Amino acid sequence: MMWLLLLLLVVVVLVGGGMWGWPLLAGILGASRVSDKPGALNSIAQLMRKYDITPAEVEAAFHAPVSSGAVPAPRSRGDIAKTLFTYLGAIFILAGVGTYIGTFWESMGSVMRVFMTLGVGYILLVVLVSALREDKYPRLILPLALAAVLMMTGGWFVLIHEVFPRGDNWRLAVLAVFGVMALHQGALLGKFRLTVLAFWTLFFIYGFMQVGLDLLDMPFAYIAIVLGASLFVVGTALEKTPFRVLAEPALLIGTIWLNSGLFDRIAEATSASWAGLVSGVCVMFAAYGMHKSERYPRLAGLGYFIGSVMAYSGLFDLVRNTPFELAYLALSASMLYACVVLQSRALLFTTVIAMLGFIGFYTAKHFANSLGWPITLVLMGVAFLAVGTIALRVKRRI
């Protein structure tokens, strides 16, 4: 049952990341820069592009009276009590089923094990479909969908294990379960257009393709490149659907998946240093494309951060202890211009760390006991500050 707990943990992280992970990354990487009127206008323009909002719609919403909006009716005490007891009942039922399974699992027969996992999963599926048809309990849809999928997935694995107790090909088991679950979720998605169903459909489809291609003995790198590129395309297509909330995670996972395959291929052909440099540059180009589209500022900041870390690390390993060591400092210094043009605090952070780290490395290697070297660095810093101040004054006069 450990794999079931691991799957539940992954789902909690993915779902929870949408609530607290992205805002935290946005604050760290500087994705949110609304501190004045131009910044607010830029943020509004990004939201309009992301959700395909026209200026006419903004104007209509701006001039609409505040009182014209739909005011939610106050909930009665009976409604609140009904909702409370519904949640409590669901919690106790799931707790009872989980406790029974954990306590008596070893003493159960094969039929009972299948019923307590797969049977309960299908019962939850029936309850989910009933709730979707009646449309009376919208807040129960997400927990019901998660519980039904987890129980059905675990139940199918239990069924395969009980029917084929001596089977040792886990790939065939995963292929069969993920294929069945993909059909399940795809059929539900065709009837009920819900984001959680779209998420599970994509999850099982790509899991099915990953294991299927692995069974065909395709190398991992090529699988990652193909599936990562296709998921990136799917993520861009999700922008124009009701499931656009999944576009950002799909683009992130697709980019990481694709570049992991590129890293593996390049590392096998050359070295890990070249793989880090090339893959990092590719990630930065992907982040630049998102930055120019002004649709995913958080992904752009994260891409600049990860890509620059990979690129700087790979480049340093390539030039270390060679006659081209100073080219690293020159390149990182030239990247400061890109930081200013792109206004990326994430790229600025990694560039400054790269320059300071290289200066420390170069000092320890060539000027360990020299007094003139730190003084020279300080004077160079003062000179750069003076040049920057003069350039700013000249720009203001022009």
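Data block above holds the structure.
Calculation rules
- Residues numbered from 1 in each chain as written.
- Predicted model: local features only at pLDDT ≥ 70, side-chain atom pairs only at ≥ 80, totals over all residues.
- Heavy atoms only, no water.
- Axes fitted to C-alpha atoms, helices over the stretch in contact; angles between N-to-C directions.
- Helix = DSSP H or I, 4+ residues; strand = E, 2+ residues; numbered from the N terminus.
- Parallel < 35°, antiparallel > 145°, perpendicular 65-115°, else oblique.
- Left-handed = near helix turned anticlockwise from the far one by under 90°.
- Nonpolar A, V, L, I, M, F, W, Y, C, P; charged D, E, K, R; others polar.
- Expected span 1.5 Å × (residues − 1).
- Buried < 20%, exposed > 50% of the residue type's maximum accessible area, 1.4 Å probe, protein only.
- Salt bridge = Lys/Arg side-chain N within 4 Å of Asp/Glu carboxyl O.

Notes on the packing of helix α9 (residues 220–238) against helix α10 (residues 247–269)
So, point 1. Where α9 contacts α10, the two axes come as close as 7 Å, and the packing angle between them is 155 degrees. In this view, α9 runs roughly antiparallel relative to α10, as classed from their interaxial angle. Where α9 crosses over α10, the two elements pack in a sense that is left-handed.
So, point 2. Along the lines of polarity and charge, the residues of the contact of α9 with α10 split into 16 nonpolar, seven polar and two charged.

A word on helix α12 (residues 297–319)
So, point 1. Taking 1.5 Å of rise per residue, 23 residues should cover 33 Å, and α12 covers 32 Å from first to last C-alpha, within 8% of that figure.
So, point 2. Where α12 terminates, the next one or two residues include Asn321, which has phi positive at roughly 60 degrees.

Some thoughts on helix α8 (residues 195–215)
So, point 1. Across its 21 residues, α8 extends 30 Å between first and last C-alpha, which sits within 8% of the 30 Å expected from 1.5 Å per residue.
So, point 2. Residues Val196, Leu197, Ala198, Trp200, Thr201, Phe204, Tyr206, Gly207, Val211, Gly212 and Leu213 constitute the buried set of α8.
So, point 3. One or two steps after α8, the chain reaches Asp217, where phi turns positive at roughly 65 degrees.

Notes on the pattern of salt bridges
So, point 1. Enumeration according to the criterion identifies six salt bridges in this entry.
So, point 2. A salt bridge links Asp214 to Arg171; the nearest nitrogen and oxygen atoms lie 2.6 Å apart. Of this pair, Asp214 sits in helix α8 while Arg171 sits in helix α7 (residues 170–191); the two residues are 43 residues apart in sequence, bridging distant segments of the chain.
So, point 3. Given a relative accessible area of 30%, Arg171 falls into the partly exposed group.
So, point 4. With its nearest N and O atoms 2.6 Å apart, the salt bridge here joins Glu268 to Arg265. Here Glu268 and its partner Arg265 are both found in helix α10, three residues apart, which amounts to about one turn of the helix.
So, point 5. Given a relative accessible area of 57%, Glu268 falls into the exposed group.

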